[in-house]
Amino acid sequence: MNQTKTLLLIALLVTTVHAYKRFPENFQWSTATSAFQVEGGQEGTGRGMSIWDRYLEKHPTPDNSTGKIACDTYHKFREDALLLKDVGVKQYRFSVSWSRIMPDGRPDNINPDGVRYYHDLIDSLVKKGIQPLITLYHWDLPLALQDRGGWLNEECVNWFGDYVRFMFTEYGDKVKLWTTINEAYIHAKYGYCGEPLEHAPGGFKPNCEWSMYIAAHNMILAHSKAGNIYKKEFQPSQNGQIGITLQAVWYEHENKPEDEEAAARVFDFQFNWFAQPIYGKEGDYPVRMRERMAELSREEGRSRSRLPTFTPQQIEEIRQSADFLSLNYYTSYVVSQDLPVNNTVEAWGKLTQWGRDIGAYISTNPHWKQIAGTWLRSHPQGLRSVLNFIREHYNNVPVYITENGSMDTPEEGLNDVTRIEYVRGHLEALHEALQDGCDVRSYAYWSFLDNFEWAFGYHDRFGIFHVDFKDPERPRTPKKSVEWYRKVIAANALLD
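As recorded in an unreviewed UniProt entry, the protein chain goes by Cytosolic beta-glucosidase and comes from Steinernema hermaphroditum.

Written out as structure tokens, the structure reads:
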């Protein structure tokens, strides 16, 4: 064997040892943030107040933090674009602050500074070969619209339509991937019910039996409005695509028929609540969900179901409103019809309005690794299960994974090996799903930066870049996961 062949063989062996589970050639590696969590730039920029600004005034976080400065990406976006390029991502998912564009939420009052900011941000990314994937709404409704009823007012559907039409007109020549609303399930349940955790706008807990369902219903209609506006008025000339961002939790169960039925019902009340109307062959809410809500409403002496209904025309419009599914996945739970007999397992459900509606108990599996003593337990196979459910039930619609990640464990600091282990496990499960035939186009790690984690303030840190929130300059410092993720992206494969 000559020297050239020997060197080629060695190179092949090295590649085989160090890179395995390769991803498709056109697979997009990404990372993500949202406007309120990172931008700052609240004062002196023309941005209007959002529901989170007001909520934090009334309900401070444990660390009394706010989003007034956050990571200050409003001023540091050019630096951040360089960091993103250095990591090697080819896509960046972020959201737009509605109230930065329209301070009172309406198109007759446009903030030119906000319009310029997003042009500059998009241009900085595109020049560096990074594709923007923009979420139009990530929980930060303009306060002026909340004062008119917010998502409980059906007019919010038209307000959202006016906002997105402006966005498509202004930025559509540069942006080819849009998602309408982020995690409507979380926003409706925690923002308009507040059980077990309250989010903005808050204050609806006494009316949970109906408020979260109306808010969710209007968000689905708003998504449909936006999707159809884009597909009919802008897609033919701009050649982009639009979807919605849904959060999925996978629910495992014991091998009992009643528990299997309970797990399917809970998944209907979580993921399929939104996925079925948009991606399902028949559209509309899941049958199990409709029947259960009708039964509960009769038992409560109501003349009609607490779950709103769509008209036949709305059902058809909703079914035509998305080109892809944007998926956020973090963890899984265990469902049982009856209270688990194992007293070492913490179980909940039937204690909140949503819990009573699902009629089952939810618990964690103590064998799944718990991250930093929090709600987050690592169960990568749950991601594979969700992706295969989408493949089997929703015609294998293209999926963009737009959030998946882990918070810091305090003892590790910048040496965030637990995060690497979490992501590695989920990428292995994602690779298995690709082998199963699931059409997954991208993976975005949440989050690019440590940021404002809503009700938890700056305590829970999900970033691959550490941000010093005590320093007015908000310096970014790479964690060990940056180096690891950079190598994965460069190889387009998992590494030993």
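So, on to the state of the cysteines. For the structure on display, the rule yields one disulfide. Disulfide pairing places C193 opposite C208 at an S-S distance of 2.1 Å. In this structure, the disulfide formed by C193 and C208 twists by about 120 degrees around the S-S bond and is classed as right-handed. In this pair, C193 sits in the loop between α9 (184-191) and α10 (208-238) while C208 sits in helix α10, placing the two residues 15 residues apart along the sequence. With a relative accessible area of 2%, C193 lands in the buried category.

Quick look at helix α3 (residues 51-58) now. Listed as buried for α3 are I51, W52, D53, Y55 and L56. Looking at the buried side of α3, the elements it contacts are α2 (35-38), β4 (131-137), α7 (143-146) and α9.

Taken as a whole, this structure holds 44 aromatic pairs when the rule is applied. With centroids separated by 5.0 Å and ring planes inclined at 45 degrees, the aromatic side chains of W139 and W454 adopt a geometry described as tilted. With W139 in the loop between β4 and α7 and W454 in the loop between β13 (440-446) and β14 (465-467), this residue pair connects regions lying 315 residues apart in the sequence. Neither W139 nor W454 differs from the other in exposure class; each is buried. On the numbers, 5.4 Å between centres and 75 degrees between planes, the contact of F452 with Y458 is edge-to-face. Accessibility classification places F452 together with Y458 in one group, the buried group. Grouped by ring-pair contacts, the aromatic residues F36, W52, Y55, W139, F452, W454, Y458 and F469 constitute a single cluster. One residue, R100, lies across the ring of Y117, its end atom 5.7 Å from the ring centre. Lying over the aromatic face of W354, K189 brings its terminal NZ or CZ to 3.8 Å of the ring centre.

This brings us to the pairing of β13. Here β13 lies mainly inside the structure; six of its seven residues are buried. Here strand β2 (residues 28-32) runs beside β13; their pairing, made up of five bridges, is parallel. Counterpart to T31 in the pairing with β13 is Y445. By the bridge criterion, three bridges tie strand β12 (residues 399-403) to β13 in an arrangement that is parallel. Across the sheet, the residue bridging to V399 is V440, located in β13. The handedness of the β12 to β13 crossover, carried by helix α16 (residues 417-436), is right-handed.

Take the side chain of T418 next. Structurally, the position occupied by T418 is in helix α16. A polar contact is formed between the side chain of T418 and the side chain of E412, at a distance of 2.5 Å. For T418, the residues in contact, after removing those within four places along its chain, are K369, I371, T409 and E412.

Contact geometry for α16 and helix α17 (residues 480-491): axes closest at 8 Å, N-to-C directions at 25 degrees. With respect to α17, the axis of α16 lies roughly parallel. Handedness of the crossing formed by α16 with α17: right-handed. Between α16, through V417, R419, I420, V423, R424 and L427, and α17, the contact on the second element is made entirely by K480, S481, W484 and V488. Of the residues belonging to the contact of α16 with α17, the class tally is six nonpolar, one polar and three charged.

Note on placement: L427 falls in helix α16. You can call L427 buried: its relative accessible area is 0%. Distance from L427 to P478, taken between C-alpha atoms, is 21 Å for residues 51 residues apart in sequence. Non-local contacts of L427, meaning those with residues more than four positions away in its chain, are made with F23, W29, Y443, W484, V488 and L494.

Moving on, we come to unusual backbone geometry. Cis geometry marks the peptide bond from A200 to P201, where omega comes out at 5 degrees. Geometrically, the link from W446 to S447 is a cis peptide bond, its omega value of 15 degrees lying close to zero. You will see that A70, though not glycine, has its phi angle at about 50 degrees, which is positive. Here A70 shows up in the loop between α3 and α4 (73-87). Although it is not a glycine, N396 sits at a positive phi angle of roughly 50 degrees.

Our focus in this paragraph is the pattern of salt bridges. Close approach of charged atoms allows side chains with opposite charge to pair. Following the criterion strictly, the structure yields 33 salt bridges and no others. Here E79 ties to K76 by a salt bridge, and the two come within 2.9 Å at their closest N and O atoms. A residue pair is termed a helical-turn pair when its members lie 3 or 4 positions apart in one helix, as E79 and K76 do in helix α4 at three residues. By relative accessible area, which is 13% here, K76 ends up buried. Here E428 and R424 are joined by a salt bridge, their closest N and O atoms 3.7 Å apart. Of this pair, E428 and R424 both sit in helix α16, four residues apart, which is roughly one turn of that helix. Judged by relative accessible area, which is 21%, E428 ranks as partly exposed. Using a relative accessible area of 22% as the deciding quantity, one classes R424 as partly exposed. Residues participating in the shared-partner salt-bridge network are D408, D416, R419, D450, R461 and K479.

Rules behind the numbers
Residues numbered from 1 in each chain as written. Predicted model: local features only at pLDDT ≥ 70, side-chain atom pairs only at ≥ 80, totals over all residues. Heavy atoms only, no water. Disulfide = S-S within 2.5 Å. Helix = DSSP H or I, 4+ residues; strand = E, 2+ residues; numbered from the N terminus. Buried < 20%, exposed > 50% of the residue type's maximum accessible area, 1.4 Å probe, protein only. Contact = heavy atoms within 4.5 Å. Phe/Tyr/Trp six-rings, centres within 6.5 Å; stacked < 30°, edge-to-face > 60°. Lys NZ or Arg CZ within 6 Å of the ring centre and 35° of its normal. Pairing = 2+ DSSP bridges. Right-handed = clockwise from strand over helix to strand, strands pointing away. Polar contact = N/O pair within 3.5 Å; in protein donor to acceptor, adjacent residues only side chain to side chain. Axes fitted to C-alpha atoms, helices over the stretch in contact; angles between N-to-C directions. Parallel < 35°, antiparallel > 145°, perpendicular 65-115°, else oblique. Left-handed = near helix turned anticlockwise from the far one by under 90°. Nonpolar A, V, L, I, M, F, W, Y, C, P; charged D, E, K, R; others polar. Salt bridge = Lys/Arg side-chain N within 4 Å of Asp/Glu carboxyl O.

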